[in-house]
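A structural walkthrough
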Amino acid sequence: MSKSLNDWKETLEDLGVMGLVPEPPASLQVLPNNVTIHQQAPKSPDVAITPRRQSATRVKEPAPWKAPTDPEKNPSSQLVANCNNLDALNACICRCEACPLGAGRIKFVFGEGSPEARMMFVGEGPGSDEDIMGRPFVGRAGALLDKMILALKLTRSEVYIANIVKCRPPDNRTPHPLEAQTCIRYLIRQIELIKPAVLVGLGATPLRDLIGIPSGITKIRGTWQVAKAGELEVPYMPTLHPAYLLRNYSKEARQAVWEDLQAAQKKAEL
């Protein structure tokens, strides 16, 4: 296995993807009617190609999600608003199962750092390592984030790190809108309590769910946005996710992220 392919495989494994799915053979073609046949016709003109028909059996769709009514598993907005510090908020929401992710988690990943942080980092959601340890950004992407923070002459204890969702999505997939919008109220309350001077959004998911911009992160990164949390309006710097840098560790990508972080730090120090 080549070094580049092996690095890619290790990155996927760290992100919770346990195997690689091979690309379909070049000899296969998917036709508009979803019938797959070989491009190369049989040599004998007497042999006809019979396309495979799709099975008439339909896969039963899952039943619509019903959120629990138990206030421990689905705290009301009022209960969340009544939490006047991060410890109280964590105690209020740590048993949450208000979206389907809650029932499948190992540990609830609340977030960590200084409750008075000037700079707050927002990622997508916990991965496999985070789900086990109950802490955000502790895998390979987390190790790179630590280096990025240290490059700013800061430590994890001086900033705050959280995610859009606090339970791991299966196979580390992107959180569905239902999951993100159910959980984001907890993040918004964290922002209200911390009152950071600047938010650094890591990747496309925070940009979509916190800012409301569905565009790709590569088009928006480095441009100042505004995140609203209650009555607060916090400057928001979108940048590339550390996991992206692990896959694309180019000079251009690293330089782009470094410029974004420097701009965010400068704003935080004003």
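How each quantity is defined
- Residues numbered from 1 in each chain as written.
- Predicted model: local features only at pLDDT ≥ 70, side-chain atom pairs only at ≥ 80, totals over all residues.
- Heavy atoms only, no water.
- Helix = DSSP H or I, 4+ residues; strand = E, 2+ residues; numbered from the N terminus.
- Salt bridge = Lys/Arg side-chain N within 4 Å of Asp/Glu carboxyl O.
- Buried < 20%, exposed > 50% of the residue type's maximum accessible area, 1.4 Å probe, protein only.
- Polar contact = N/O pair within 3.5 Å; in protein donor to acceptor, adjacent residues only side chain to side chain.
- Contact = heavy atoms within 4.5 Å.
- Pairing = 2+ DSSP bridges.
- Axes fitted to C-alpha atoms, helices over the stretch in contact; angles between N-to-C directions.
- Core = buried A, V, L, I, M, F, W, Y, C linked by side-chain atoms within 4.5 Å.

**Brief notes about unusual backbone geometry**
At Phe137, a position not held by glycine, the phi torsion is positive, near 55 degrees. Assignment of secondary structure puts Phe137 in the loop between α4 (128–133) and α5 (140–151).

**Looking at the pattern of salt bridges**
Following the criterion strictly, the structure yields 7 salt bridges and no others. The closest approach of N and O atoms between Arg208 and Asp209, which form a salt bridge, is 2.7 Å. For Arg208, a relative accessible area of 27% puts it in the partly exposed group. When its relative accessible area of 10% is taken as the criterion, Asp209 is described as buried. Two residues, Arg221 and Asp260, come together in a salt bridge whose shortest N-O distance is 2.7 Å. In this pair, Arg221 sits in the loop between α8 (217–220) and β7 (225–229) while Asp260 sits in helix α10 (residues 251–268), placing the two residues 39 residues apart along the sequence. Judged by relative accessible area, which is 23%, Arg221 ranks as partly exposed. Linked through salt bridges whose partners overlap, the residues forming this network are Glu112, Arg135, Asp146 and Arg156.

**Some points on the side chain of Thr205**
As for its position among the elements, Thr205 is in helix α7 (residues 204–211). On the basis of relative accessibility, which here comes to 5%, the residue Thr205 falls in the buried class. Separated by 2.6 Å, the side chains of Thr205 and Glu124 make a polar contact. In contact with Thr205, not counting residues within four places along its chain, are Glu124, Ile164, Thr174, Pro175 and Leu210.

**Topic: the environment of Gly102**
Its place among the elements puts Gly102 in the loop between α3 (86–93) and β3 (112–113). The buried category is assigned to Gly102, whose relative accessible area is 6%. Remark: the alpha-carbon pair of Gly102 and Arg168, spanning 66 residues in sequence, is separated by 8.3 Å. Not counting chain neighbours up to four residues away, the residues in contact with Gly102 comprise Cys96, Glu97 and Cys167.

**Focus on the sheet that holds strand β5 (residues 160–163)**
Taken in spatial order, the 6 strands make up an open sheet running β3-β5-β4-β6-β8-β7, and their pairing is mixed. Looking along the sheet, the strands with just one partner apiece sit at the ends: β3 and β7. Bridge analysis of strand β4 (residues 119–123) against strand β6 (residues 198–202) gives 4 bridges, and the strand direction is parallel. Each residue of the ladder has a partner; that of Val122, found in β6, is Gly201. Strands in contact with α10 are β4, β6 and β8 (232–239); relative to β8, the strand with the most contacts, it is inclined by about 160 degrees.

**Some details on the nonpolar core**
By size, the foremost hydrophobic cluster in this structure holds 61 residues, and its most contacted members are Met119, Phe121, Leu187, Leu199 and Leu210. Of all the elements, helix α6 (residues 177–194) adds the most residues to this core, at 7 residues. Those residues in contact with Leu199 that sit more than four places away from it in its chain are Met120, Val122, Ile191, Leu210, Ala227, Val234, Pro235, Tyr236 and Met237.

**So, α7**
α7 sits mainly inside the fold: 6 of its 8 residues count as buried. Residues Thr205, Pro206, Leu207, Asp209, Leu210 and Ile211 constitute the buried set of α7. Buried residues along α7 sit against β4, α6, β6, α8, β7 and β8. Just downstream of α7, Gly212 is the residue with a positive phi angle, here 90 degrees.

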